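Here are the chains, one letter per residue:
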Amino acid sequence: MNRIRIVIASSLMLATSLLTATVSAADGVEVSHLGVNNTLVRITGAGKYLLLPVQESNDDAKVSILADGKIEKTINVRLAKNKVDYFVPFDLAPYRGHDILLNIVTTQNRSNIREAKDDACWKNLTLADTFDTTNREKYRPVYHHTPLYGWMNDPNGMFYKDGRWHLYYQWNPYGSKWQNMTWGHSSSADLVRWEHHPAAIEANGLGTVFSGSSVVDSANTAGFGSDAVVALYTSADVSQTQSLAHSSDGGMTFEIYPGNPILTLESEARDPNMFWDADNGRWVLSLAHALDHEMLFFTSPDLKEWTLQGSFGKGIGAQDGVWECPDLFRLKVDGSGEEKWVLVCNINPGGPFGGSATQYFTGDFDGKTFIADTDAEGVIPTKWMDYGKDHYATVSWSDAPYNRRVLIGWMSNWQYAGEVPTMQYRSANTLPREAGLFRAPDGQLYLSSEPVAELAALRDKPSVSVRNKTAGGNGRIFPLPQSNGGACEIILGLDSRKADSVNVRISNKAGESVILRYDTKAHTLSFDRRSSGITDFSQDFPTVTSAPTFETDGKLSLRIFIDRSSIEVFGNGGKTVMTNLVFPTEPYSSVSVTANGGNARIENLKIYPIKEL
Ligand code: FRU
């Protein structure tokens, strides 16, 4: 992680003379008020960054950056009105040597210009050579990927090349609420430690940069070189079109293709996701036909010219929200030589517990369209990849080694993602997960997702290690590690054949807790976060989520990952998965196991503190 420090420019001088329109905000920044909603800011001083003061509850101001009178960029920033929540850096380096002017249009209702002049933003505009990204948030996860600062949603364009896992993401570099969509960029050698890089793709005249995918075009089908990484993303303005960008330095920087858009439709479509179809020797692209609640499939010889071949989804599965972020891939069915296709259709809202969630279908792909499996009644069943509330926009890496299918999701929910109690950054990704397919007792194929094996490197020596303990009505209680903000992994094997249900309670001294309840008769596992800590920022947050366990023998093996503001639960080798955010006022400090209606057996319990990364 590159940590850089702010050097706040010296004195904050506000000239109060009413005789001149131009006032000095800080050294080297001149502010001229032109009217109740329009202000010019001229940069006369040195400094790499202009630090923009943000107040999150304020409306967006439209800020156009002019170099020698030419508009270079327009961004939306919640410039501070009566208090500064935090600063975001605007990088002036590209415009140095030119006359730099910001033309700012605000949207507040003002009765006169005096009121506009009083806004906190003007006197706090500051030039600085560095920007401090040291963590300020107690809820920032220790071992999940987060942006250094600013808002993040969907993971985008992930590919593996030359030993590195590249992860791009929907990013707002100018605030911690959704806006100014840009592809942020991180990469990792081990899916555990993430290094942060400069933004990879920024908005241009076709719009901001929405979600998409990347591939390594090793056969040089697109003509950008045999090592080129090619990204397709949605350009979002009044309409949504599909654009191409390519990189010849392994995904560090991208060049936007001048022939964009490469694909247009007459209705809303986004989040292009592509792969090389080796069977048919061409590229396949899945595109979310969002408002029509279907996925479209296109093919191409060269990643530029796309032909519509088929569609899937009208009237099928969950239909209560827009369909977004598709992914289509082939997997081996566990324990057999059989191969099947999986079509991932993220949907928002319409998830099983409200808001956004990841739906998928299993079936076949004939090179043109997807044909879903049906159940015994001939119905195409709705299946969910994760039974928590905070798992969305999940897609997989392309070109992963050893034929691995590694997925990652956005660990939040559109219902409240903008309100969660963090400010420096908003949202983390889920742990990276390895996908598999298994056949359940109902005869259907389901997706399993297990934390990638690399995550075992995070384990410190176990702080608790027990075997064969009986847990009855009074329960057994074990301490949780307190190092690293309580970040830990719990492994718990339960034999619950003689009990009706088992409660696993994760709690702290403030009386806050999460209750996982395994119902041995209903074969379900539920996650109750109604008293987990801070829950009142949204009425949609305090909930109980519930998942099928797919077991038939009253035995459950759990891996529970706690990381300051999230709990991910994986049951029976990834057959049951639940991802939920939690905001305890202090770290959880104990875990207890209590059986109801008979005794249960703790076959094994191990608690691993997470090492400092
Ligand atoms: C899903 C989504 C995508 C879109 C992106 C915009 O969360 O709505 O469909 O490309 O977010 O940030």
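Coordinates for the structure precede this section.
Draft legend 1. Here's a closer look at the overall build of the protein. Across its full length, the protein holds 2 helices and 43 strands. Judged by the C-alpha coordinates and their principal axes, the protein covers about 85 × 60 × 45 Å. With 613 residues in all, the protein has 60% of them scored as buried. Relative to all contacts within the protein whose residues are 6 or more apart in sequence, the contacts with residues 24 or more apart total 63%. Carbon and sulfur atoms form 48% of the exposed surface of the protein, whose accessible area is close to 23400 Å². Averaging the coordinates of the 57 positive side-chain charges in the protein and doing the same for the 70 negative ones gives two points 7 Å apart.

Draft legend 2. Just the packing of aromatic side chains, in detail. Taken as a whole and assessed by the stated rule, the structure comprises 36 aromatic pairs. Ring centres of Phe224 and Tyr257 lie 6.0 Å apart, and the angle between their planes is 75°; on these two criteria the pair is classed as edge-to-face. You can see Phe224 sitting in the loop between strand S14 (208-216) and strand S15 (229-236) and its partner Tyr257 sitting in the loop between strand S17 (255-256) and strand S18 (270-277), a full 33 residues away along the chain. Feature note: the residues Tyr139, Tyr416, Phe537, Phe541 and Phe583 constitute an aromatic cluster, connected by ring pairs. The ring centre of Phe224 lies 4.9 Å from the NZ or CZ of Lys304, which sits over that ring. Over the ring of Tyr608 we find Arg459, and its NZ or CZ is 4.6 Å from the ring centre.

Draft legend 3. Inspection of the site of the ligand at higher detail. If you check the shell around the ligand, you find Asn153, Asp154, Gln170, Trp178, Met181, Phe210, Ser211, Arg270, Asp271, Glu324, Tyr392 and Trp414 and nothing else. A distance of 2.7 Å separates an oxygen atom of the ligand from a polar atom in the side chain of Gln170. Contact between the ligand and Trp178: an oxygen atom at 2.9 Å from a side-chain N or O atom of the residue. For the ligand, the accessible surface in isolation is 310 Å², of which the surrounding protein chains cover 95%. Among the secondary structure elements, those contributing two or more residues to the shell around the ligand are strand S10 (150-161), S14 and S18. Of the residues belonging to the shell around the ligand, the class tally is 5 nonpolar, 3 polar and 4 charged.

Draft legend 4. Seen up close, the environment of Ser532. Considering the arrangement of structural elements, one finds Ser532 in the loop between strand S37 (524-528) and strand S38 (544-548). It is 12 Å that separates the C-alpha atoms of Ser532 and Lys509, two residues lying 23 residues apart in sequence. Setting aside anything within four residues of it in sequence, one finds Ser532 in contact with Glu512, Ser513, Val514, Phe541, Val582, Phe583, Pro584 and Tyr588. A distance of 2.7 Å separates the side chain of Ser532 from the backbone oxygen of Arg529, its partner in a polar contact.

Draft legend 5. Quick peek at the sheet that holds strand S34 (residues 488-495). Strand order in the open sheet formed by 6 strands is S32-S43-S34-S39-S40-S41, with antiparallel pairing between adjacent strands. On the outer flanks of this sheet lie strand S32 (464-471) and strand S41 (576-581), each paired with one strand and no other. Along the sheet, successive strands turn relative to each other by an average axial angle of 15°, direction set aside. Relative to strand S43 (residues 600-609), S34 runs antiparallel, the two sharing 8 bridges. Each residue of the ladder has a partner; that of Ile491, found in S43, is Lys606.

Draft legend 6. Up close: the sheet that holds S10. With mixed pairing, the 5 strands of this open sheet are ordered in space as S13-S12-S11-S10-S29. At either end of the open sheet lies a strand with only one pairing partner, and these are strand S13 (195-201) and strand S29 (425-426).

Draft legend 7. Structural view of the pattern of salt bridges. Applying the stated criterion across every chain, the model contains 34 salt bridges. Between Asp227 and Lys161 there is a salt bridge, with its nearest N and O atoms 3.2 Å apart. Placement of Asp227 in the loop between S14 and S15 and of Lys161 in strand S10 is noted, with a sequence separation of 66 residues between them. A residue is classified by how much of its surface remains accessible, and Asp227, at 48% relative accessible area, is partly exposed.

Draft legend 8. Structural view of the side chain of Ser211. Relative to the helices and strands, Ser211 resides in strand S14. Overall, Ser211 belongs to the buried group, its relative accessible area being 3%. A polar contact is formed between the side chain of Ser211 and the side chain of Asn156, at a distance of 2.8 Å. In this view, Ser211 contacts Asp154, Asn156, Gln170, Trp183, Tyr233, Thr234, Asp271, Pro272 and Cys325; residues no more than four positions away in its chain are not counted.

Draft legend 9. Representation of the environment of Val582 within the structure. When you line up the elements, Val582 lands in the loop between S41 and strand S42 (590-596). When residues no more than four places from it in sequence are discounted, the contact partners of Val582 are Val514, Phe527, Arg529, Ser532, Phe541, Arg564, Ser565, Ser566, Ile567 and Tyr588.

Draft legend 10. Local environment of the pairing of S14. Burial of S14 is extensive: 8 of the 9 residues sit out of reach of the surface. Here 7 bridges tie S14 to S15, and the two strands are oriented antiparallel to one another. Along S15, the bridge assignment pairs Val216 with Val229.

Draft legend 11. Quick look at unusual backbone geometry. The residue after Asn260, namely Pro261, is reached through a cis peptide bond having omega -5°. Counting through the fold element by element, Pro261 comes out in the loop between S17 and S18. Cis geometry is found at the peptide bond from Asn348 to Pro349, where omega equals -10°. Along the chain, Pro349 falls in the loop between strand S23 (339-348) and strand S24 (357-365). Phi at Asp162 is positive, roughly 50°, even though this residue is not glycine. Checked against the element boundaries, Asp162 lands in the loop between S10 and strand S11 (164-172). Even without glycine at this site, Asp399 takes up a positive phi of about 60°. For Asp399, the position within the fold is in the loop between strand S27 (392-396) and strand S28 (406-410).

Draft legend 12. Main features of the pairing of S41. In terms of burial, S41 is a largely internal element, 6 of the 6 residues being buried. Judged by which residues are buried, S41 turns out to be covered on both faces: Thr576, Met578 and Asn580 on one side and Val577, Thr579 and Leu581 on the other are all buried. Across 6 bridges, the pairing between strand S40 (residues 566-571) and S41 is antiparallel. Pairing of Glu568 across the sheet is with Thr579, part of S41. In this structure, the hairpin formed by S40 and S41 is closed by a connection of 4 residues, where Asn572 is found at a positive phi of approximately 45°.

Draft legend 13. Inspection of the environment of Thr107 at higher detail. Locating Thr107 in the fold gives a position in the loop between strand S8 (100-105) and helix H1 (113-117). Sequence separation between Thr107 and His289 is 182 residues, and the spatial gap between their C-alpha atoms is 33 Å. Not counting chain neighbours up to four residues away, the residues in contact with Thr107 comprise Asn37, Asp59 and Asp60.

Parameters and conventions
Residues numbered from 1 in each chain as written. Predicted model: local features only at pLDDT ≥ 70, side-chain atom pairs only at ≥ 80, totals over all residues. Heavy atoms only, no water. Helix = DSSP H or I, 4+ residues; strand = E, 2+ residues; numbered from the N terminus. Buried < 20%, exposed > 50% of the residue type's maximum accessible area, 1.4 Å probe, protein only. Contact = heavy atoms within 4.5 Å. Areas by Shrake-Rupley, 256 points an atom, 1.4 Å probe, with all protein chains shown as cover. Lys, Arg positive; Asp, Glu negative; His and termini not counted. Charge placed at Lys NZ, Arg CZ, Asp CG, Glu CD. Phe/Tyr/Trp six-rings, centres within 6.5 Å; stacked < 30°, edge-to-face > 60°. Lys NZ or Arg CZ within 6 Å of the ring centre and 35° of its normal. Near = heavy atom within 4 Å. Polar contact = N/O pair within 3.5 Å; in protein donor to acceptor, adjacent residues only side chain to side chain. Nonpolar A, V, L, I, M, F, W, Y, C, P; charged D, E, K, R; others polar. Pairing = 2+ DSSP bridges. Axes fitted to C-alpha atoms, helices over the stretch in contact; angles between N-to-C directions. Salt bridge = Lys/Arg side-chain N within 4 Å of Asp/Glu carboxyl O.

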